[in-house]
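Listed below are the residues making up each chain.
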Amino acid sequence: MRNFGRGKLCSCTTLKFVLLFSSVAIEGAPFDVIAAQEPVLALVGSDVELTCLFSTNASAEHVEELRWFRQTRSPAVLLYQAGQEQEGEQMTEYRGRVTLVTDGLPDGHATLRIRGVRISDQGEYRCSFKDNGNSEEAAAHLKVAALGSDPHISMEVKENGQIQLECTSSGWFPEPKVQWRTPSGDRLPFTAESRNDDEEGLFTVAASVIITDNSIKNVSCSIQNFLLGQEKEVEISIPAPFMPRLIPWIVAVAIIILALGFLTIGSIFFTWRLYKERSRGQKSEFGSKERLLEELRCKKTELHEVNVTLDPDTAHPHLFLYEDSKSVRLEDSRQILPDRPERFDSWPCVLGRETFTSGRHYWEVEVGDRTDWAIGVCRENVAKKGFDPMTPDNGFWAVELYGNGYWALTPLRTPLRLAAPPRRVGVFLDYESGDISFYNMSDGTLIYTFPSASFSGPLRPFFCLWSCGKKPLTICPTANGPEKITVIANVQDTIPLSPLREGSASGETDTLHSKLIPFSPSPVVP
């Protein structure tokens, strides 16, 4: 909280303003009544005093009547007669909350003290003196303010990758002003704003903004009370952009409508064509598959098959490796591990130990029918901290299955339309020609080839698991190698892809874990 205006207000429990008066004699009047011209400012819930100054030959203790009132004289805020307060004619909302400070009466000060100031107390108060048939009155003004709660910012990532922020706060009076700002002081326009008051008259505000500029790293929300000259501000950091999980529903609906239209129009024609060409198509498909498998076998003979092992120093703390460094499972619990520069701390990934600086190589991964995985090749020096996108620009060449879709991890993500889901994927690397390709090893079809790149520095295999599940991901053995190597996902819910800090709730109560687990071969998906 900080002051941004000229006004200041005391924050003590009982709020008291010392008012300076100057009396002006009125010829022929038995006494004068004077109140301060400037309004008194009070915080909601505090105590405040309003004072009238009167001049008379007699002490105010013996005045016939002293009355504090608002719009009407009766009922009154406070009535003082015969040396004591008269509660019978008092307004209900002020009973037990107001009193007359009698210490100043001998000196001509009639001070009204209001405890626990409310929004409804704001306005004009009139003090009236009546003595020996004569009466005079003056007006004092009370302004009420409230400094609300600290702002709270919530974040939502839209399906299109945009980030929406909403700033909320409650308990303000009068109605405050909300601003979104960048670190340089530039204001961001709202996409939505709402303001409403509760039963006590205090305002709750909410303002939303959508961040479309990827260069903005953090923004702040400030809420200002101009009457108090104060504001409250909170700042939030914007995470690095990452790829949207789902195709927007509008696009999906459009595709479904178009598909239904084409199906309806062409159903009769295609049924006849398919029936007529069924036999010929089956023979052609069989021959095509055999040709593709033969081409793949020839390609494999030109490359060196690699026996991939896993590097425990790069594994995310949710990945548990077996003793042979060829098997790993994904768990909901987090290990307490040394924070090494080469360890992934956000994406749940692990690298292979093997490095490639030349030559032609390949290895195979059994994916079976499990979901949510990514496999490929990356530069050895890729960023392993934070959520940098997995794209060739950042040193990643990979394909993934996420949800119901296959994708190549290009800067805008390329959807892959495959004839059949691959159960075994081959990763082919030709370092000198800059070629990285992925094949369906079941039928020999090409899944995706990245545009030719110019490599510099070592490359390593890498694997990621986006969610937990019963079904394994298997790193296949070489022709003369050991038994199959399994990457197992434990039976848990999806692990949120957010930065996980050392010493989380699950890890704090555990002793230091070893990432090496006794090897027990898992069943291989056929």
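See the structure above.
### As for the overall build of the chain
- On a plain count of helices and strands, the chain comes out with two helices and 35 strands.
- Taken across its 526 residues, the chain has 44% of its residues classed as buried.
- Pairs at least 24 residues apart make up 64% of the contacts formed inside the chain by residues separated by at least 6 positions.
- Summed over its atoms, the accessible surface of the chain is roughly 27900 Å², and 52% of this surface lies on carbon and sulfur atoms.

### Observations concerning the environment of Val-63
- Relative to the elements of secondary structure, Val-63 occurs in the loop between β4 (48-55) and β5 (65-69).
- With a relative accessible area of 11%, Val-63 lands in the buried category.
- It is 9.8 Å that separates the C-alpha atoms of Val-63 and Leu-105, two residues lying 42 residues apart in sequence.
- Excluding residues within four positions of it along the chain, Val-63 makes contact with Phe-129, Lys-130 and Asp-131.

### Digging into unusual backbone geometry
- At the junction of Ser-74 and Pro-75, the peptide bond is cis and its omega measures out at 0 degrees in the coordinates.
- By the element assignment, Pro-75 lies in the loop between β5 and β6 (78-81).
- Look at the link from Phe-173 to Pro-174: it is a cis peptide, with omega at -10 degrees.
- Take Pro-174: it is sitting in the loop between β13 (163-172) and β14 (177-181).

### Thoughts on the pattern of salt bridges
- One pass over the structure, following the stated rule, counts 22 salt bridges.
- The salt bridge involving Asp-313 is made with Arg-340; its shortest N-O contact spans 3.4 Å. Of the two residues, Asp-313 sits in the loop between β20 (304-305) and β21 (319-322) while Arg-340 sits in the loop between β22 (328-330) and β23 (349-351), which places them 27 residues apart along the sequence.
- Between Glu-380 and Arg-460 there is a salt bridge, with the nearest N and O atoms lying 3.6 Å from each other. With Glu-380 in the loop between β25 (373-379) and β26 (396-402) and Arg-460 in strand β32 (residues 459-465), this pair connects stretches of sequence that are 80 residues apart.

### Considering the sheet that holds β4
- Pairing in this open sheet of four strands is antiparallel, and the strands run β2-β4-β9-β8 from one edge to the other. What marks the edges here is a single partner per strand, and that holds for β2 (32-35) and β8 (98-101). Each strand of the sheet is rotated relative to its neighbour by a mean of 25 degrees, with strand direction disregarded.
- Examined bridge by bridge, β8 and strand β9 (residues 109-114) share four bridges and lie antiparallel to one another. Opposite Thr-99, over in β9, you have Arg-113 as the bridge partner.

### Things to note about a nonpolar patch on the surface
- Where nonpolar side chains cluster on the molecular surface, the patch consists of Phe-269, Phe-270, Trp-272 and Leu-274 and spans about 480 Å² of accessible area.
- Looking at the element boundaries, Trp-272 is found in helix α1 (residues 249-302).
- Judged by its relative accessible area of 49%, Trp-272 falls in the partly exposed class.

### Focus on the nonpolar core
- Ranked by internal contacts, the top residues of the largest apolar core, which has 54 residues, are Trp-68, Tyr-125, Phe-129, Leu-142, Leu-165, Trp-180 and Val-219.
- With five residues, the top contributor of residues to this core is strand β17 (residues 203-211).
- Grouped together as the second largest cluster of nonpolar side chains are 38 residues, Leu-319, Val-367, Ile-447 and Ile-475 included.

### Some words on a negative patch on the surface
- A contiguous patch of negative charge, built from Asp-197, Asp-198, Glu-199 and Glu-200, is present on the exposed surface.
- For Glu-199, the location among the structural elements is in the loop between β16 (192-197) and β17.
- With relative accessibility at 86%, the residue Glu-199 sits in the exposed group.

### Quick word on the state of the cysteines
- Counted according to the given criterion, the structure contains three disulfides.
- Between Cys-349 and Cys-464 runs a disulfide, and the two sulfur atoms are separated by 1.7 Å. One disulfide, between Cys-349 and Cys-464, carries an S-S torsion of 85 degrees and so falls in the right-handed class. Placement of Cys-349 in strand β23 and of Cys-464 in strand β32 is noted, with a sequence separation of 115 residues between them. Each member of the pair, Cys-349 as well as Cys-464, carries the same accessibility label: buried.
- Looking at Cys-378, it has no disulfide partner, and the nearest cysteine sulfur is the one in Cys-349, 8.5 Å off.
- Of the residues examined, Cys-378 reaches a relative accessible area of 0% and is grouped as buried.

The rules we used
Residues numbered from 1 in each chain as written. Predicted model: local features only at pLDDT ≥ 70, side-chain atom pairs only at ≥ 80, totals over all residues. Heavy atoms only, no water. Helix = DSSP H or I, 4+ residues; strand = E, 2+ residues; numbered from the N terminus. Buried < 20%, exposed > 50% of the residue type's maximum accessible area, 1.4 Å probe, protein only. Contact = heavy atoms within 4.5 Å. Areas by Shrake-Rupley, 256 points an atom, 1.4 Å probe, with all protein chains shown as cover. Salt bridge = Lys/Arg side-chain N within 4 Å of Asp/Glu carboxyl O. Pairing = 2+ DSSP bridges. Axes fitted to C-alpha atoms, helices over the stretch in contact; angles between N-to-C directions. Patch = residues over 30% accessible without salt bridge, like charges linked within 9 Å, V, L, I, M, F, W, Y side chains within 5 Å. Core = buried A, V, L, I, M, F, W, Y, C linked by side-chain atoms within 4.5 Å. Lys, Arg positive; Asp, Glu negative; His and termini not counted. Charge placed at Lys NZ, Arg CZ, Asp CG, Glu CD. Disulfide = S-S within 2.5 Å.

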